[in-house]
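Chain by chain, the residues:
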Amino acid sequence: MTITWRRLGESDFPQLRKWLLEPHVARWWNHETSPEAVARDFGPAARGEEPSEDFLVAVDANPVALVQRCWIADYPQYIGDLASQAEVPGQAMTLDYLIGDPQLTGRGLGTRIIQAIVEATWTDHPDAKSIIVPVHSANRASWRVLEKTGLHRYTEASLEPDNPIDDRLHFVYRIDRPASDYMAKLPL
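In this report, we go over the structure that sits alongside the text. (Residues numbered from 1 in each chain as written. Predicted model: local features only at pLDDT ≥ 70, side-chain atom pairs only at ≥ 80, totals over all residues. Heavy atoms only, no water.)

**Regarding the overall build of the protein**
Here comes step 1: A tally of helices and strands in the protein yields 7 helices and 7 strands.
Here comes step 2: Along the chain direction, N to C, the helices and strands of the protein fall in the order β-α-α-α-β-β-α-β-α-β-α-β-β-α.
Here comes step 3: Expected size for 188 residues packed as a compact globule is a radius of gyration near 16 Å; at 16 Å, the protein falls within 12% of this value.
Here comes step 4: Along the three orthogonal principal directions, the C-alpha set of the protein runs to about 50 × 35 × 35 Å.
Here comes step 5: Counting across all 188 residues of the protein, residues that qualify as buried make up 45%. (Helix = DSSP H or I, 4+ residues; strand = E, 2+ residues; numbered from the N terminus. Rg over C-alpha atoms; globule rule 2.2 N^0.38 Å. Buried < 20%, exposed > 50% of the residue type's maximum accessible area, 1.4 Å probe, protein only.)

**With respect to the sheet that holds strand β1 (residues 3-7)**
Here comes step 1: The strand order across the open sheet built from 7 strands is β1-β2-β3-β4-β5-β7-β6, with neighbouring strands paired in mixed fashion. The sheet is open, and its two edges are formed by β1 and β6 (152-158), each paired on a single side. Sheet twist, expressed as the mean angle between neighbouring strand axes with direction ignored, is 30 degrees.
Here comes step 2: Of the strand pairs in this sheet, strand β3 (residues 62-71) and strand β4 (residues 92-99) are connected by 7 bridges, and their pairing is antiparallel. Residue Arg69 lies in a different strand from β4, and its bridge partner there is Leu95. (Pairing = 2+ DSSP bridges. Axes fitted to C-alpha atoms, helices over the stretch in contact; angles between N-to-C directions.)

**Brief notes about unusual backbone geometry**
In most cases, non-glycine residues show a negative phi, while peptide bonds are predominantly trans.
Here comes step 1: One non-glycine residue, Asn30, lies in the positive phi region at around 45 degrees.
Here comes step 2: Of note, Ala61 is a non-glycine position whose phi angle comes to about 75 degrees, a positive value.
Here comes step 3: Take Ala61: it is sitting in the loop between β2 (53-59) and β3.
Here comes step 4: Classification of Ala61 as exposed rests on a relative accessible area of 66%.

Structural data, given as structure tokens:
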């Protein structure tokens, strides 16, 4: 199995819309799914007008997932809400993700995708010191993927849920840049 990714483009919006309509995705993303809403919300990143990196992930050249990666500090409201309740080190990034096809969930694919993105983050962003991901406490599948990938739950936070049917309890996961990687980047 070969996992690859590229920046999400506007031509990918119909595929993304289809995924957002899937019940297992809609439960946690709770996103408007009209073509106009998808273009409105994902277009700026696709055009490079906002700092989020939205990736279309493929397995053996078949699109299967979306992963969003960004610097937490690029979103002041987000960092304000999170930092008021959890330690957020400088130079921290965050991820969000979904697997579009329900037939592909529960098979370890999410773990392999997130692991690949985490490893690439240390190379793609040499200044990144950690990756922090808040996950709603009821989204067991999502937080189990993070645990299997090597992130650890380091606190809980009361954050606005993506879906208004949920309470505010989120588990906050973190992984820091490996020490060996950090030491290799120090000047001699």
